[in-house]
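Chain by chain, the residues run as shown.
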Amino acid sequence: MLKTLYIRDAFKCGEDSEVELIGWVRSKRRHGKLVFLDLRDSTGIIQIAVKQGIADSETFMKALDVGLESAVKVRGKIKRDARAPGGVELHCNHIEVFGPSLDGFPIRKGVGLKFLLDNRHLHLRSPKVAMIMKIRANLMDIARRWLRENGFIEVNCPTFITAAVEGGATLFKLDYFGRTAYLTQSVQFYQEAAIYSLEKVYSLQPSFRAELSRTRRHLTEFWHLEVEMAYADLYDIMKVIEELVYAIVSNLSKESEVELKALDKVVKPEMAEPPYPRIKYAEALQILQSKNVNINWGDDFGADEERILSKEFEKPFFVTHYPKEAKAFYHMPDPNDPSVCLNTDLLAPGGYGEIVGGGQRIHDYNLLLERIRENGLNVEDYRWYIDLRKYGSVPHSGFGLGIERMLWWLLQLPHIRSACLFPRTPTRVYP
Ligand code: 4AD
Ligand code: MG
């Protein structure tokens, strides 16, 4: 009885081993009495050689006829051959086509980017996409592991919400049985409630932003790793960010070594070794103004400013103490200079820009009320959030890290959408 193997394991079999493989036909070439198929599964690609005379004529005809991306089962002998990709091929003597391709597979060399995005459901089969998705899975796994090992507890928060965390302009509005609700931009406020029972928490779930910005770094739906910690100030949380980012980069360089190499990407622990440079907003503003960027005190940095600024650095770096008008109402004003906040963004070097945003939260009841009013927001909308400051309020801090932003930087992707299985952008909700 033949055992069906994964392609990765077929490469480890001895010469002349009889094996059976299941996969999809990625390509097909004929050289006279020889048909070569490239067979693909989730673990790799192997060359299948079907030779007239060795394979019976029915098998040879099936190899000749099989459509690209058909699902097939093949049997044969493993042979070392320096000319085969990876040095191994299967000399096939039996083919079963159990999932034929009903049409010519539409993804071909040379089709345009729009076509690939419109056919993302099929384009996913490309080995390159598969490798990015494996790296993404490792990244999320490493982040979760690090947080667990460091005493953070995973919490799962709601997606339907009733008031903005990061400003009303980017809320997706929806009808909730006749009431207005929104899709969450961040689970931060729920995490702030959770620290009063769990102290150190994290969540990994989607956030939504109705941002029309068509940049290479904006999605309307992204996966958000958020962390909140009781008894932590700005500098405590910066330390958590630094260590977490380093853990992700250094472990990914090992755990995704095969995929990174195949994609020709360089991810090394040195890229993110702490400590990271720290500059204040005021200093960042000076750098930008010295480069003739037209920006004034109080403006938040956009994609352009961050690109210019981050080209000045070789490692991720913190920008801290943004003016209060540049950021959301919940940031803690700096007691030494209340015009700025105890907040921070972590920017990736080389033009990539913000990958993390966070800082210390206002934990004082009256100060929070004041800032909500100053921002022209409705106190009633934030009643439960304000309530948290009434009972045993403690200093606390947290942050959010965009998973796709992180991958975009680490893999130096041309566009953030390549980091998603099915990207969501202002112009794309299909497929
Ligand atoms: O800086 P942001 O808006 O911060 C928050 O939402 C905080 N409430 C998080 C917290 O403190 N718990 O978003 C955090 C991160 C950004 O640094 C970025 O990496 C990512 O989320 N992000 C986006 N990623 C892709 N597309 C978008 N439109 C994004 N908006 C934010
Ligand atoms: Mg931000």
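Just above sits the structure.
Worth saying up front: this structure is predicted, and the values here are computed from it rather than measured.

Asker: What exactly am I supposed to notice about the overall build of the protein here?
Answerer: Helices and strands together make up the secondary structure of the protein, namely 13 helices and 19 strands. Structurally, the protein occupies a C-alpha span of about 85 × 50 × 45 Å along its principal axes. Going through the 431 residues of the protein one by one, you find that 50% of them count as buried. Taking all contacts inside the protein whose residues are at least 6 apart in sequence as the whole, residues at least 24 apart take part in 65%. Only carbon and sulfur atoms are counted for the fraction: they give 52% of the accessible area of the protein, which is about 20,700 Å². Charge separation in the protein, taken as the distance between the mean sites of 58 positive and 57 negative side-chain charges, equals 7 Å.

Asker: Mind showing me how you'd approach the site of ligand 1 here?
Answerer: The environment of ligand 1 is formed by 24 residues, the closest being E166, Q188, E226, E354 and I355. Between ligand 1 and R361, the relevant distance is 2.8 Å, taken from an oxygen atom to a side-chain nitrogen or oxygen of the residue. Within the complex, 94% of the 620 Å² of free accessible area of ligand 1 lies under protein. When atom positions are compared with the pocket grids, ligand 1 is found to occupy the largest pocket. In terms of residue count, the dominant contributor to the shell around ligand 1 is strand β18 (residues 353-360) (five residues). Here the shell around ligand 1 is built from residues that sort into seven nonpolar, nine polar and eight charged.

Asker: What should I look at first to understand the sheet that holds strand β8 (residues 160-161) in this one?
Answerer: Pairing between the strands of a sheet is mediated by backbone hydrogen bonds and can be parallel or antiparallel. Read from one edge of the open sheet, three strands run β8-β10-β9, paired in antiparallel fashion. Here the strands that pair on one side only, and so sit at the sheet edges, are β8 and β9 (172-176). Both β8 and strand β10 (residues 179-183) contribute to a ladder of two bridges, which runs antiparallel. Bridging from a neighbouring strand, F160 pairs with L183 of β10.

Asker: Even after reading the chapter, I still don't get the sheet that holds strand β17 (residues 343-348), so can you show me in this structure?
Answerer: Ordered in space as β7-β11-β12-β19-β18-β17-β14-β13, the eight strands form an open sheet in which the pairing is mixed. A single partner strand is all that each edge strand has here, and the edge strands are β7 (153-154) and β13 (278-280). Where strand β11 (residues 200-208) lies against strand β12 (residues 221-230), nine bridges are found, and the strand directions are antiparallel. What sits directly across from K200, in β12, is M229. The strands touched by helix α7 (residues 234-255) within the sheet are β12, β13, β14 (317-320), β17, β18 and β19 (396-402), with β19 carrying the most contacts at an inclination of about 30°.

Rules behind the numbers
Residues numbered from 1 in each chain as written. Chains lettered and ligands numbered in written order. Predicted model: local features only at pLDDT ≥ 70, side-chain atom pairs only at ≥ 80, totals over all residues. Heavy atoms only, no water. Helix = DSSP H or I, 4+ residues; strand = E, 2+ residues; numbered from the N terminus. Buried < 20%, exposed > 50% of the residue type's maximum accessible area, 1.4 Å probe, protein only. Contact = heavy atoms within 4.5 Å. Areas by Shrake-Rupley, 256 points an atom, 1.4 Å probe, with all protein chains shown as cover. Lys, Arg positive; Asp, Glu negative; His and termini not counted. Charge placed at Lys NZ, Arg CZ, Asp CG, Glu CD. Near = heavy atom within 4 Å. Polar contact = N/O pair within 3.5 Å; in protein donor to acceptor, adjacent residues only side chain to side chain. 1 Å grid on protein atoms, 1.4 Å probe; cavity = no way out; pocket = protein on both sides within 12 Å on 5 of 7 lines; lining within 4 Å. Sits in = over half its atoms within 2 Å of the grid points. Nonpolar A, V, L, I, M, F, W, Y, C, P; charged D, E, K, R; others polar. Pairing = 2+ DSSP bridges. Axes fitted to C-alpha atoms, helices over the stretch in contact; angles between N-to-C directions.

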